[in-house]
Amino acid sequence: MGPSLPELKERVMSAVDAMRDDLIRISTTIHEHPEVAFEEYQAMQLLSDTAERHGFVVERGIADLPTAFRAQRSGASPGVTVAFLAEYDALPGLGHACGHNIIGTAALGAALAVGTVIDELPGTVVLLGTPAEEKGGGKALLVDRGAFQDIDVAMMIHPSVRNMTRRRSLSSHNLFFEFFGKAAHAAAAPDEGINALHGVILLFNNVNALRGHVPDGVRIHGIIPDGGDAHNIVPEYATARFSVRAPTSTLAQEIVDKVIVCAQAAAMATGAQVKIQDLYHYDNMIPNPILADLFDRNLHLLGREVQEPDANERMGSTDMGNVSHVVPALHAYIAIADEGVAGHTPEFREAAVSPRGHEGLIAGAKALAMTAIDLLTDPGTFRQVQETFRQSIAENA
């Protein structure tokens, strides 16, 4: 007879405790050397090298993404494949103000902890390095390129001001508009020009009109990266970037189609030409209630109380949403700062390497590891997770 579930959980928690200093050092190193989307070479190398030293088989540059990786250890027999997802990209100018140093290191700690007992269990544990969550949709690319085909469950934690396991996210499309006009002297020959900037301004005006006629929860926001070179020249080239967000991927696509019409109308009105690109999109997050319940119970074992998200809580977007549409997924939140400390701020950046941030890292690694033990040791629980996933996907369609 093998070890009991409580014994296995104690062992993985002890393994995380034994690695505590190393995990905090890794998290701090990533924090001190922020790397933006698709440039996270040092963080990727640090995490993957550490996994390799602990007996994981590592493949770097998976799915044609140089800063993505997969580290794997298999158990005594076939079973559930559980993946911990590591994020490690930083925000331009702000560094790790979203706490991805904690995310990546907690995933590493959980994988290494489960790796200490996997030889006694059926199944496989995977540490999946996923770049470019902040900009570029690394997980979306990994999904599209087949990186999740053999993964049964995907889990990660995200630092926050509350402990949550059922929080959703908005679907998001990132659109890029280029308007092409004709340059001319703005005073001597304005009639000979076609003003690309006017096309962009009309796009914004049209979108502002659209905002009054969209469902609740829709968000449309944009910037003008390029509006011309000189005020006395009719701009021949101008650009706009927009994010279109909605509670579901279907609704987001409907709004995207309307925003595209806004751009086409702006081009027609000004005589400019417009090129439209949907650069990448994040699906809405579909929480799995069975996984959430398991993680809840494990957080309680660690003395952390879980709060349900408010029904009308404001949300952002994450490429973990794309993952949740193809496999059962957990995107849990671990409190590392007081209410009122917003993400993507200098204050949250400092919280990500504070003593409380370190405690969140260790708690997150332990809870992830214990939840994996629940899945690896109980086929019935995994079947419940799968069935709930199928139901959720059908309801979200």
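Our structure is the block above this text.
Described in the following lines is the structure provided in the data block.

The rules behind the values
Residues numbered from 1 in each chain as written. Predicted model: local features only at pLDDT ≥ 70, side-chain atom pairs only at ≥ 80, totals over all residues. Heavy atoms only, no water. Helix = DSSP H or I, 4+ residues; strand = E, 2+ residues; numbered from the N terminus. Core = buried A, V, L, I, M, F, W, Y, C linked by side-chain atoms within 4.5 Å. Buried < 20%, exposed > 50% of the residue type's maximum accessible area, 1.4 Å probe, protein only. Contact = heavy atoms within 4.5 Å. Pairing = 2+ DSSP bridges. Phe/Tyr/Trp six-rings, centres within 6.5 Å; stacked < 30°, edge-to-face > 60°. Salt bridge = Lys/Arg side-chain N within 4 Å of Asp/Glu carboxyl O. Lys, Arg positive; Asp, Glu negative; His and termini not counted. Polar contact = N/O pair within 3.5 Å; in protein donor to acceptor, adjacent residues only side chain to side chain. Axes fitted to C-alpha atoms, helices over the stretch in contact; angles between N-to-C directions. Parallel < 35°, antiparallel > 145°, perpendicular 65-115°, else oblique. Nonpolar A, V, L, I, M, F, W, Y, C, P; charged D, E, K, R; others polar.

All right, on to unusual backbone geometry then. Its identity as a non-glycine residue notwithstanding, Ala 63 has a phi of 55°, on the positive side. One non-glycine residue, Asp 64, lies in positive phi territory at about 60°. For Asp 64, the position within the fold is in the loop between strand S1 (57-60) and strand S2 (69-74).

Let's shift gears to the nonpolar core. Membership of the largest hydrophobic core comes to 68 residues, with the highest contact counts inside it found for Phe 84, Leu 127, Met 155 and Phe 295. At 11 residues, helix H11 (residues 355-377) tops the list of elements feeding residues into this core. Ignoring sequence-local partners within four residues, the contact set of Leu 127 consists of Ala 51, Phe 69, Arg 70, Ala 71, Phe 84, Ala 86, Ala 107, Leu 108 and Ala 111. Counting 27 residues, the second-largest nonpolar core is a separate cluster that includes Val 214, Ile 220, Ile 255 and Ala 266.

Its place among the elements puts Val 114 in helix H4 (residues 100-115). Residue Val 114 is classed as buried on the basis of its relative accessible area of 0%.

Let us now look at the pairing of S2. Sheet topology note: the S1/S2 ladder contains 4 bridges and is antiparallel. Along S2, the bridge assignment pairs Glu 59 with Arg 70. Where S2 and strand S4 (residues 122-129) come together, 6 bridges link them in antiparallel fashion. Bridge assignment links Phe 69 to a residue of S4, and that residue is Gly 129.

Let us look at the packing of aromatic side chains. In the structure shown here, the tally under the stated rule is 5 aromatic pairs. Relative to Tyr 237, the ring of Phe 180 has its centre 5.4 Å away and its plane inclined at 50°; by these criteria the two rings are tilted. Linking Phe 180 in strand S6 (residues 171-180) with Tyr 237 in strand S8 (residues 237-246), this pair joins segments that are 57 residues apart in sequence. Judged by relative accessible area, which is 28%, Tyr 237 ranks as partly exposed.

When you line up the elements, Asp 152 lands in the loop between helix H5 (138-144) and strand S5 (153-160). Assessed through its relative accessible area of 25%, Asp 152 is described here as partly exposed. Once the C-alpha coordinates of Asp 152 and Gly 316 are considered, the two residues, 164 residues apart in sequence, prove to be 26 Å apart. With near-sequence residues (within four places) excluded, Asp 152 lies in contact with Gly 79, Val 80, Thr 81, Val 327, Pro 328 and Phe 382.

Another aspect to go through is the pattern of salt bridges. Taken as a whole and assessed by the stated rule, the structure comprises 18 salt bridges. The shortest N-O distance in the salt bridge between Arg 70 and Asp 150 comes to 3.0 Å. You can see Arg 70 sitting in strand S2 and its partner Asp 150 sitting in the loop between H5 and S5, a full 80 residues away along the chain. Asp 319 is the partner of Lys 139 in a salt bridge, and the nearest nitrogen-oxygen pair spans 2.8 Å. Of this pair, Lys 139 sits in helix H5 while Asp 319 sits in the loop between helix H8 (289-301) and helix H9 (320-324), and the two are 180 residues apart along the sequence.

In this fold, Ile 336 is placed in the loop between strand S10 (329-335) and helix H10 (346-351). For Ile 336 and Arg 166, which are 170 residues apart along the polypeptide, the C-alpha to C-alpha distance reads 18 Å.

On the secondary structure map, Glu 35 appears in the loop between helix H2 (20-32) and helix H3 (41-53). For the buried Glu 35, no salt bridge is present, and the opposite-charge side chain at shortest range is Arg 60, 13 Å distant. Within polar-contact distance, the side chain of Glu 35 engages the backbone nitrogen of Ala 43 at 3.0 Å. Setting aside residues up to four positions removed in sequence, Glu 35 forms contacts with Glu 40, Tyr 41, Gln 42, Ala 43, Tyr 88, Asp 89 and Ala 90.

Interhelical geometry of H3 versus H4 gives an angle of 10° and a closest axis separation of 11 Å. Considered as vectors, H3 and H4 are oriented roughly parallel to each other. Counted together, Leu 47, Thr 50 and Ala 51 of H3 and Gly 104, Thr 105, Leu 108 and Leu 112 of H4 form the full contact between these two elements. Taken together, the residues that form the contact of H3 with H4 break down as 4 nonpolar, 3 polar and no charged.

Taken in spatial order, the 6 strands line up as S1-S2-S4-S3-S5-S10 in an open sheet, and their pairing is mixed. Of all strands in the sheet, those bounded by a partner on one side alone are S1 and S10. Across the sheet, the mean angle separating the axes of adjacent strands is 20° when strand polarity is ignored.

Pairing is antiparallel in the open sheet, where 4 strands are placed in the order S7-S8-S6-S9. Of all strands in the sheet, those with a lone pairing partner are strand S7 (219-226) and strand S9 (273-282), marking the two edges. Neighbour-to-neighbour, the strand axes of the sheet open up by a mean angle of 20°, direction not taken into account. Here S6 pairs with S8 via 10 bridges, running antiparallel. What sits directly across from Ser 171, in S8, is Ala 246.

Shape is all these values report; function is a separate question.
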